[in-house]
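Listed here are the chains, written in short residue letters.
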Amino acid sequence: MKQIKKNWQNIDPFSLQLRLTLGIGGFSALVLGGLATWTSWKTQEILIDNHKRNIEQIAKTLPRDVQIYSEMMQPETGLQKAINNLANNNTLLWVKNSENKILVQSSALTLLSNSLVSELMSLTKMPIKSQVYKINQNYFILCGASIEVQGKLIGNLFVVKDITREQRMLVVMVQSLVLISVLAIIILTVAIAIYIKHSLQPLRKLNQMAAVISPEDLGQPQLSVDNAPSEVKELAQTLTVLLSRLSQSWEQEKEFVSNVSHELRTPLTIVHGYLQSVLRRQNNLTQTQQEALETAASEAERTIRLLQDLLDLARADSGYLHFQMKSYVLNDLVEEIVLMAEKYSDRQINIESTIYPIEVKVDYSRLKQVLLNLIDNAIKYSEAGTPVIFKLDQLPDKVVIQVCDKGYGIPLQHQARIFERFYRVDESRSHATGGSGLGLSIVKTLVEGMGGNVSVQSKLGEGSIFTITLPI
């Protein structure tokens, strides 16, 4: 039951499989329903309409027979003889005069129950066109005519045929036909669903193959699906060509970013150097000139850092970002980086660790860049006076570094994307703090380049915890 409920919840109301199944199943139901309706109507015509035509024929024949017999005998005797000739166990006939009294009747009436005979005899008028009536759970076809002899009205003829057996057979047959049609529709719908699911399998496989392609693999995949329809094979070929074009565009973009960053960094470094040189001879500068030069130097330095980050990312994308991995005592390394960070900020930075020494194999300069980036983030996005805490721990197969702050926190919907390039949680705050949206992307690239990974846990108003795990 739980599995059925789970499968039902997993049904996508907008899926092509469901739409095709419902469409073809609905069309099949319409066809089968129409066929069942036509079969019922045709069967009723065969079983019932023949009886109707039969009693209408009797209603037309009997007055003529009475006219013929009346020429040879008394009218009442000829009427009785004509009725006896046409009546049988299922066909009942009687004649009433103008005063609604029975003149003659067929002997088969005595075979019916008294209540049924009373109901039939209480009828005062018969339809000229035969019709079906239900009386006490029994079904009859009724028809009538006027009987005249030598231009004189003798009475009204009542013709009744018992079709209870045929009607019940028809009802049973219609019920059986409906049941068979419903079962056929269910079986057909299930078969159609299975067939459509099997037919769409190449599309699912193609989707799965395309879903696992990363930016680095754009130029490599050859999407192909065996035993697939021609349309799916054409789609796979088109996607392969599209991925190849995307790969070329991606490579051109990376090359462009790398070239631009490299070309701009050198002149900006020179400009920054000249600005610093001028600032060192500030005795000849007015206060306004000094502030302008300091602003220009600061922006030049920020732009140089941005270009360096772009260069690092471009090299990482191209596989040219090299790491000099050596063994270090993590406790000492983090303490050194913390002392360096405290010189440039007034924020208290604490280190918490119960294990010493914790040995790790990393690239010192890259890990330093990672931790300084995280410290810078923690200082920017937390209130002044709140400490930044480093927690160090060692597990059997990895080393854990946590950078904790008591800052503003990161909304849950943004946490999965903060490591993307140029992604900013708050545009206005990022501009105010001078962020470029590359810091955490650099952190992720460098940590993964050293064989580790980085993640974040955060709650609004409570702060954030960035966790770095590195292999021992």
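These numbers come from a predicted model, not from an experiment.

*Asks:* Would you take a moment to explain the pattern of salt bridges for this structure?
*Replies:* Note that side chains of opposite charge can pair when their charged atoms are close. Inspection of every chain in the model, using the stated rule, returns three salt bridges. Note that Lys 380 is salt-bridged to Asp 376, the shortest N-O span being 3.0 Å. Taken together, the residues span about one helical turn, with Lys 380 and Asp 376 both in helix 10 (residues 364-380) at a distance of four residues. Residue classification places Asp 376 among the partly exposed residues on the basis of a relative accessible area of 34%. Among the salt bridges present, the one from Glu 448 reaches Lys 444, with a minimum N-O distance of 2.8 Å. A residue pair is termed a helical-turn pair when its members lie 3 or 4 positions apart in one helix, as Glu 448 and Lys 444 do in helix 13 (residues 439-449) at four residues. With a relative accessible area of 41%, Glu 448 lands in the partly exposed category. Lys 444 sits in the partly exposed class, given a relative accessible area of 29%.

*Asks:* What am I meant to see in the nonpolar core here?
*Replies:* One recurring pattern in soluble globular proteins: nonpolar side chains tend to sit buried together. Residues Leu 330, Leu 371, Phe 390, Ile 468 and Leu 470 are the most contacted members of the largest nonpolar core, which totals 36 residues. Sorting the residues of this core by element identifies helix 9 (330-343), strand 8 (359-362), helix 10, strand 9 (388-394), strand 10 (398-404), helix 13, strand 11 (453-459) and strand 12 (463-471) as the ones contributing at least two each. Here Phe 390 is in contact with Val 334, Val 338, Ile 349, Asn 350, Ile 351, Glu 352, Leu 371, Ile 375, Ile 401, Gln 402 and Val 403, once residues within four sequence places are set aside. Listed in part, the 22 residues of the second largest apolar core include Ile 83, Val 104, Ile 141 and Ile 147.

*Asks:* When you look at the packing of helix 10 against helix 13 in this model, what are you seeing that I'm missing?
*Replies:* A packed helix pair is summarised by two numbers, namely the angle formed by the two axes and the spacing between the axes. Relative orientation of the contacting elements helix 10 and helix 13 amounts to 150 degrees, with a least axis distance of 9 Å. It follows from the interaxial angle that helix 10 and helix 13 lie roughly antiparallel. Both helix 10 and helix 13 take part in a crossing whose hand is left-handed. Mapping the contact onto sequence places Arg 366, Gln 369, Val 370, Asn 373, Leu 374 and Asn 377 in helix 10 and Gly 439, Leu 440, Ile 442, Val 443, Leu 446 and Val 447 in helix 13. Its residues placed into classes, the contact of helix 10 with helix 13 shows seven nonpolar, four polar and one charged.

*Asks:* So what exactly am I meant to see when it comes to the pairing of strand 5 (residues 152-162) here?
*Replies:* Two faces belong to every sheet, and in a regular strand the side chains alternate between them. Alignment of strand 1 (residues 91-96) against strand 5, held across six bridges, turns out to be antiparallel. The residue of strand 5 that forms the bridge with Leu 92 is Val 160. Here strand 4 (residues 138-149) runs beside strand 5; their pairing, made up of 10 bridges, is antiparallel. Following the sheet pairing, Phe 140 is matched in strand 5 by Asp 162. The turn joining strand 4 and strand 5, which pair antiparallel and follow one another in sequence, is formed by two residues; a positive phi near 55 degrees is taken by Gln 150.

Conventions we followed
Residues numbered from 1 in each chain as written. Predicted model: local features only at pLDDT ≥ 70, side-chain atom pairs only at ≥ 80, totals over all residues. Heavy atoms only, no water. Salt bridge = Lys/Arg side-chain N within 4 Å of Asp/Glu carboxyl O. Helix = DSSP H or I, 4+ residues; strand = E, 2+ residues; numbered from the N terminus. Buried < 20%, exposed > 50% of the residue type's maximum accessible area, 1.4 Å probe, protein only. Core = buried A, V, L, I, M, F, W, Y, C linked by side-chain atoms within 4.5 Å. Contact = heavy atoms within 4.5 Å. Axes fitted to C-alpha atoms, helices over the stretch in contact; angles between N-to-C directions. Parallel < 35°, antiparallel > 145°, perpendicular 65-115°, else oblique. Left-handed = near helix turned anticlockwise from the far one by under 90°. Nonpolar A, V, L, I, M, F, W, Y, C, P; charged D, E, K, R; others polar. Pairing = 2+ DSSP bridges.

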